[in-house]
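Architecture at a glance
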Amino acid sequence: MKVLVVGGAGYIGSHCVRQLLEAGHQPVILDNLVYGHRKAVAEGVPFYDVSLGDKEKVKDILESEAIELVMHFAAYCYVGESVTAPLKYYENNFVETLRLLEAMLDAGVTKFVFSSTCATFGVPERLPMTEDLPQAPINPYGQTKLDVENLLKSLAHAHGLSFAAFRYFNAAGASEDGSIGEDHDPETHLIPLVIDAATGKRENIKIFGTDYDTPDGTCLRDYVHVDDLSRAHIAVFDKLDQPGAQYFYNLGTGTPNSVREVIAAVEKATGKKVPVVEVERRAGDPPALYADSTKAKQELGWVVKFDTIDKIVETAWRWHSANPDGYGDR
Ligand code: UDP
């Protein structure tokens, strides 16, 4: 399949490109490199430095490259920033995505795979989190993703768009060969921050809240490897042959880990002691979020390969130890 990977130079997109190549597909990358990295672009893969909202250019690329399916990973993803700068998030995550979808429909491309998020659920009514829970985001980031999900439903109905939306839990880890990995600027995610605290790049890691109603008092999250996420995106392709088909899947390992467990996994992988400072809870953090991914397992045959936090952190450490400054382009 000829696949346009929008955001293919970013964290999850760049891993998905490798998985597409391994599975025998032909990816083409579109990324404006605002957050993506030129060095994360896979060798030999056509690359366009274009914004996803540039409708005319995107349409030309879809036609000239004879694209059959679009995967969309290009979103702003800082929850805190989405609260203080909502227009930026609605503009990029919703309006630009709408332009991308317009370009697709103009070019007659009707298969779409979308990166959504567990943040569309807000504070969950039940755990583990199944697809049928009510969606009530508690920040603009989650809201923009939910707005796109709803737009996709309307386009499926009106124009026969077929799509899958994957709600990720905490994407983590790096490619097994250590060639690509996580490099955000600024970095806000727990695993890379803890690794930086282990290596001395940061003074310490602050644990946001130790008085939650969880076994060790710290928040529980469902860390899921980027390559596992990527494989689900490819496994859904066959289902999109049916015009108007729509699928939603929650993707996580289903086994949550606490902040303290993540720190312990980093200490184990690196062999270094992590300096820890316990601070107040971070506003807006639910105590526990973890997925029930039975639907993806049953319908897509999805198998979680990186099924422990140790396995995930080992891959992250391989990347960070070989690339202490990430891609070194910021
Ligand atoms: N966290 C923390 N210290 C940090 C960053 C994160 O204790 O410096 C905690 C955070 O409160 C949450 C978990 O680690 O419980 C994962 O946070 P992250 O920002 O990586 O992802 P989120 O779950 O917020 O999407």
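The coordinates are above.
Residues numbered from 1 in each chain as written. Predicted model: local features only at pLDDT ≥ 70, side-chain atom pairs only at ≥ 80, totals over all residues. Heavy atoms only, no water.

1. Notes on the packing of helix α4 (residues 86-107) against helix α5 (residues 140-159)
- Following both chains from N to C, one finds α4 and α5 inclined at 20°, their axes separated by 9 Å at the closest point. Classed by the angle they form, the pair α4 and α5 counts as roughly parallel. Here α4 and α5 pass one another in a crossing that is right-handed. Contact residues: P86, Y89, Y90, N93, F94, T97, L98, L101 and L105 in α4; P140, Y141, Q143, T144, D147, V148, L151, L152, L155 and H159 in α5.
- Its residues assigned to classes, the contact of α4 with α5 comprises 13 nonpolar, five polar and one charged. (Axes fitted to C-alpha atoms, helices over the stretch in contact; angles between N-to-C directions. Helix = DSSP H or I, 4+ residues; strand = E, 2+ residues; numbered from the N terminus. Parallel < 35°, antiparallel > 145°, perpendicular 65-115°, else oblique. Left-handed = near helix turned anticlockwise from the far one by under 90°. Contact = heavy atoms within 4.5 Å. Nonpolar A, V, L, I, M, F, W, Y, C, P; charged D, E, K, R; others polar.)

2. As for the state of the cysteines
- Evaluated as defined, the whole model comprises zero disulfides.
- C118 provides the cysteine sulfur closest to C219, a residue in no disulfide bond, and the two sulfurs are 12 Å apart. (Disulfide = S-S within 2.5 Å.)

3. Describing the sheet that holds strand β3 (residues 47-48)
- One open sheet holds the seven strands; their spatial order is β3-β2-β1-β4-β5-β6-β11, and the pairing between them is parallel. Whereas interior strands pair on both sides, the edge strands pair on one side only; in this sheet they are β3 and β11 (246-251).
- In the sheet, strand β1 (residues 2-6) pairs with strand β4 (residues 69-72) via four bridges, with the strands oriented parallel. Each residue of the ladder has a partner; that of V6, found in β4, is H72.
- Packing of helix α7 (residues 226-235) onto the sheet brings it into contact with β4, β5 (111-117), β6 (162-168) and β11, and relative to β6 it is tilted by some 165°. (Pairing = 2+ DSSP bridges.)

4. A few points about the pairing of strand β8 (residues 205-208)
- Residue alternation in β8 divides its side chains into a buried set, I205 and I207, and an unburied set, K206 and F208.
- The pairing of β8 with strand β13 (residues 276-279) spans four bridges and is classified as parallel. Among the inter-strand pairings, K206 is bridged to a residue of β13, identified as V277. (Buried < 20%, exposed > 50% of the residue type's maximum accessible area, 1.4 Å probe, protein only.)

5. Here's the deal with the packing of aromatic side chains
- Throughout the structure, instances matching the rule amount to eight aromatic pairs.
- A centroid spacing of 5.2 Å and a plane angle of 80° characterise the contact between Y35 and Y76, whose relative ring orientation is edge-to-face. Linking Y35 in the loop between β2 (26-30) and β3 with Y76 in the loop between β4 and α3 (79-84), this pair joins segments that are 41 residues apart in sequence.
- A centroid spacing of 5.5 Å and a plane angle of 80° characterise the contact between F163 and F248, whose relative ring orientation is edge-to-face. Placement of F163 in strand β6 and of F248 in strand β11 is noted, with a sequence separation of 85 residues between them.
- Given a relative accessible area of 0%, F163 falls into the buried group. (Phe/Tyr/Trp six-rings, centres within 6.5 Å; stacked < 30°, edge-to-face > 60°.)

6. Here's the deal with α7
- The buried fraction of α7 is high, at eight of 10 residues.
- Those residues of α7 not exposed but buried are V226, D227, D228, L229, S230, A232, H233 and I234.

7. Details of the environment of N250
- Within the secondary structure, N250 is located in strand β11.
- The exposure class of N250 is buried, given its relative accessible area of 0%.
- The spatial distance from the C-alpha of N250 to the C-alpha of P124 is 13 Å, given a sequence separation of 126 residues.
- Beyond its immediate chain neighbours, meaning those up to four positions away, N250 contacts F121, M129, T130, E131, R167, F169, A291, D292 and S293.
- Among the polar contacts made by the side chain of N250, one reaches the main-chain carbonyl oxygen of M129 at a distance of 3.0 Å. (Polar contact = N/O pair within 3.5 Å; in protein donor to acceptor, adjacent residues only side chain to side chain.)

8. Structural notes on the environment of Y141
- Note on placement: Y141 falls in helix α5.
- Separated by 58 residues in the primary sequence, Y141 and V83 place their C-alpha atoms 7.7 Å from one another.
- Those residues in contact with Y141 that lie beyond four places of it in its chain are Y76, C77, V79, S82, Y89, N93, T117 and A119.

9. Quick look at the site of the ligand
- The environment of the ligand is made up of 15 residues, and the closest members are L190, K206, R221, R282 and D285.
- At a separation of 2.8 Å, an oxygen atom of the ligand approaches a polar side-chain atom of R221.
- In isolation the ligand exposes 510 Å². Once the protein is present, 87% of that is buried.
- Among the secondary structure elements, those contributing two or more residues to the shell around the ligand are α6 (190-199) and β8.
- The biggest single contributor to the shell around the ligand is β8, with four residues. (Near = heavy atom within 4 Å. Areas by Shrake-Rupley, 256 points an atom, 1.4 Å probe, with all protein chains shown as cover.)

10. Points about the side chain of R221
- In this fold, R221 is placed in strand β9 (residues 220-221).
- Within the local environment of R221, its side chain forms a polar contact with the backbone oxygen of P286, the two atoms lying 2.9 Å apart.

11. Topic: unusual backbone geometry
- The omega torsion across L127 and P128 is -10°, close enough to zero to call that bond cis.
- Inspection of the secondary structure puts P128 in the loop between β5 and α5.
- The omega torsion of the bond from D185 to P186 falls at 0°, within 30 degrees of zero and hence cis.
- Along the chain, the position of P186 falls in the loop between β7 (170-172) and α6.
- Phi angles above zero are rare outside glycine, and L33 is one such case at about 60°.
- Within the element layout of this structure, L33 appears in the loop between β2 and β3.
- Residue L33 is classed as partly exposed on the basis of its relative accessible area, which comes to 22%.
- Backbone geometry at A66 places phi at a positive 50°, although glycine is not the residue there.
- Taking relative accessible area as the criterion, A66 reaches 52% and is therefore assigned exposed.

In short, geometric facts, not functional conclusions.
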